[in-house]
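Residues per chain are reported as follows:
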Amino acid sequence: MIAWQIALLAMSLYLIIAFAIGLSAGRGRSFFSISEYAVGDRGFGLFVMWFLMGGTIFSAFAFLGGPGWAYSKGAASLYILAYCTLGLLPWYIIGPKMARLGKKSNYITMGDFLGDRFKSKFLIIIIGIVSLLAFIPYLTLQIKGMGYIFNVLTFDNISYNFGALLALGIVVIYVATSGVRGAAWSDVFQAILMLIVAWILGIYFVESLHGSLGNMFSKIIENDPDFLTIGNEGSKISAARYSSNIVVSMLGFVMWPHLFTKSYTTTARRIKLTVLVYPIFAIFLLPVLFIGFSAIGVVPDDALGRPGEVLPYLITHHLTESGILYGIVGAGALAAAMSSSDAITHGASVSFGRDICKVIFPSLKENQELWIMRLAVIGVGAIAYCIAIYGSDGLIALLLGAYGAIVQLAPGVYSGLFWKKASTLGVIIGLVVGVMVTIYFQYIAASSPYDLHPGLIGVLVNIAIVFFVSIAQQQNEENYAHASKFVDEK
Amino acid sequence: MNIIPKLNIKLLYVIFTLFILSMLIFPVFSIANYAEPLIFGMPFIMVWVLFWIFIEFLGLIFFVKIDKNIED
């Protein structure tokens, strides 16, 4: 058998195992319960939580984009380590609170909570729309990663379109049938697999291309002393942009609806213990950066279309001819893309069913709402697939602007939980204006003030609006008592 | 450990979180903004980030230990 066939076999084997785990996770559970589909009946154990949350940081971005950043931007890539460790810290405070509130009032989405707290259906629909707009490009990137990996590692014998369709199809089927439990248990398997692959590759490339870590970094420093620093003449990123990237990620990480709603899947204690192990997951990302650094001076600059292609280039040019190795690497990279895809498609389907359809048609029965969610998995997958195949790069870049919108949810969530005076009007205006300011500095203005992250400027404006509008409006006794149920919750 | 009231634990946690954040962003980060010396073969700036990740992990262990609210 030739190498690409062995590689294809290994990747297929991985797909079959992931598929089987995803499908069987939902067996013996109620097929007709929204609570089961959306939040696993609030009963996830610690082990699943670790890998569920850990798996989401290992997306196709971490596997393909991480080495690309290290290769092309040097020290700027340390941002990935910093944000992965800091991103989950706020969850220690808000997660347990959300878990208790969610259990008491039967929430399954962020819209459920904010809509209840601020008594506004309009707010729920905005959140639903912002979530979907952010989810779809995120999923599109994963699909592009999956198609690319299949195509490169089978030496063009499996087409990009077919590879992407195969991997996405499997995700769609197990998410639609097993719900969050399917996504969770397949993530356990996928997270372990990609960790192993990342470490093997990181160590292998450093050793075989440079002999040792010290050698590798010495050569990089000799060649360009500022490449491994931030904000200097030869650095690839300014100090303000680096810092504001981290701050935005720390505020926004838990605001991603698919992560936020995981507060509802487990207990307060398990949330705290999940936050505890998160820094360890960040350290696991280290070899991903080593892969990118090892390519410096080895991969010629003009060999790559985009920096994200650096790992596939290394694999096809500097790994042995062994088909089994290709297959293992392919499986690890697919695992990274798929473990994010399942969480995203699931999150998008729940948002669509609960935050949009249920609000517009309040008479929907549980059964109908659940079917809408299951069908939405297919719908969201199909839309993202079409964008991945037919969309231009410009279209995707435009949609990625929705990323900056996610962090705009933070002022609403925090003020809802900790500030009784926060008013509905303030939160809604803050959210809408915050999103618009972000979009302005992202696409329309030539540059942002001090080179800050556009999302940070948006969020500062957002906070100011929530603050001043809430202060200006006098809350009546009834609203105050209502807010107290959330703020004073113990 | 019951001497520390619950509210203070939360406040301590927030302060701790902001402290770790401040170590990893500018202006404090500028004291680590050097490629050399190499430590364990890694640039100084990278080791600095890893060091604070490690401290954060230790800190979280401390918080989980003293948090009497951790049992459901």
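The rules behind these values
Residues numbered from 1 in each chain as written. Chains lettered and ligands numbered in written order. Predicted model: local features only at pLDDT ≥ 70, side-chain atom pairs only at ≥ 80, totals over all residues. Domains from an automatic or database assignment. Contact = placed C-beta atoms within 7 Å. Helix = DSSP H or I, 4+ residues; strand = E, 2+ residues; numbered from the N terminus. Axes fitted to C-alpha atoms, helices over the stretch in contact; angles between N-to-C directions. Parallel < 35°, antiparallel > 145°, perpendicular 65-115°, else oblique. Left-handed = near helix turned anticlockwise from the far one by under 90°. Nonpolar A, V, L, I, M, F, W, Y, C, P; charged D, E, K, R; others polar. Buried ≥ 20, exposed ≤ 12 C-beta atoms within 10 Å, placed from the backbone. Core = buried A, V, L, I, M, F, W, Y, C linked by C-beta atoms within 7 Å. Arc of directions from axis to C-beta.

Visitor: Whenever I open this one, the domain arrangement of chain A confuses me. Can you help?
Guide: It is common to give the size of an interface as the accessible area lost on bringing the parts into contact. Residues and elements named next belong to chain A. Taken domain by domain, chain A consists of domain 1 (3–400) and domain 2 (401–490). The centre of domain 1, based on its C-alpha atoms, is set 26 Å off from the matching centre of domain 2. At the interface, 32 residues of domain 1 touch 25 residues of domain 2. Among the elements of the structure, helix 6 (91–105), helix 7 (110–117), helix 8 (121–153), helix 11 (239–252) and helix 18 (393–400) are those that each provide at least two residues to the side of domain 1 that touches domain 2.

Visitor: Explanation requested: the packing of helix 16 (residues 323–360) of chain A against helix 17 (residues 366–390) of chain A in the structure shown.
Guide: The relative placement of two packed helices is expressed as an angle between their axes plus a distance between the axes. Residue and element names in this part refer to chain A. Close contact between helix 16 and helix 17 brings their axes to 8 Å; oriented N to C, the two are set at 130°. Put simply, helix 16 runs oblique to helix 17. Along this stretch, helix 16 crosses helix 17, giving a crossing that reads as right-handed. Packed against helix 16, whose contacting residues are Thr-345, Ala-348, Ser-349, Val-350, Phe-352, Gly-353, Cys-357 and Lys-358, the element helix 17 presents Glu-369, Ile-372, Met-373, Ala-376, Val-377, Val-380 and Gly-381 at the interface. Classifying every residue of the contact of helix 16 with helix 17 gives nine nonpolar, four polar and two charged.

Visitor: Explain the interface of chain A and chain B here, please?
Guide: At the junction of the two partners, chain A supplies 36 residues and chain B supplies 30 residues. Among the elements that make up the side of chain A that touches chain B, the one with the highest residue count is helix 13 (residues 268–284) of chain A (10 residues). Across the side of chain A that touches chain B, the residue classes tally to 26 nonpolar, eight polar and two charged.

Visitor: It is not clear to me how the environment of Ile-80 of chain A should be interpreted in this structure. Could you clarify?
Guide: All names here are of chain A. Within the secondary structure, Ile-80 sits in helix 5 (residues 78–87). Classification of Ile-80 by C-beta neighbours within 10 Å gives buried; the count is 24. Along the sequence, Ile-80 and Ala-388 sit 308 residues apart, while their C-alpha atoms lie 24 Å from each other. With residues near it in sequence (within four places) discarded, Ile-80 still touches Gly-66, Trp-69 and Leu-285.

Visitor: How should the nonpolar core be read in this particular structure?
Guide: Grouped burial of nonpolar side chains is what soluble globular proteins tend to show. Leu-334 of chain A together with Leu-24 of chain B are the most contacted members of the largest nonpolar core, which totals 188 residues. Top element by residues in this core is helix 9 (residues 160–210) of chain A. It accounts for 22 residues. Mapping this core onto the domain boundaries places at least three of its residues in each of domain 1 (3–400) and domain 2 (401–490) of chain A. Apart from the residues lying within four places of it in its own chain, the contact partners of Leu-24 of chain B are Ala-82, Leu-86 and Ile-246 of chain A together with Phe-29, Val-49 and Trp-52 of chain B.

Visitor: Would you mind showing me how to read the environment of Ser-212 of chain A here?
Guide: All names here are of chain A. In this fold, Ser-212 is placed in the loop between helix 9 and helix 10 (213–223). Taking the number of C-beta atoms within 10 Å as the measure of exposure, Ser-212 has 11 and is therefore exposed. On a C-alpha basis, the gap between Ser-212 and Ser-294 in space is 10.0 Å, while along the polypeptide they are 82 residues apart.

Visitor: Which parts of the structure should I look at to understand helix 10 of chain A?
Guide: Spacing of three or four residues puts side chains on the same side of an α-helix, whose turn is 3.6 residues. Residue and element names in this part refer to chain A. Burial in helix 10 covers these residues: Leu-213, Met-216, Phe-217 and Ile-220. Seen end-on, helix 10 carries its buried residues on one side only, within an arc spanning 90°. Its buried side turned inward, helix 10 meets helix 9 and helix 14 (286–294).

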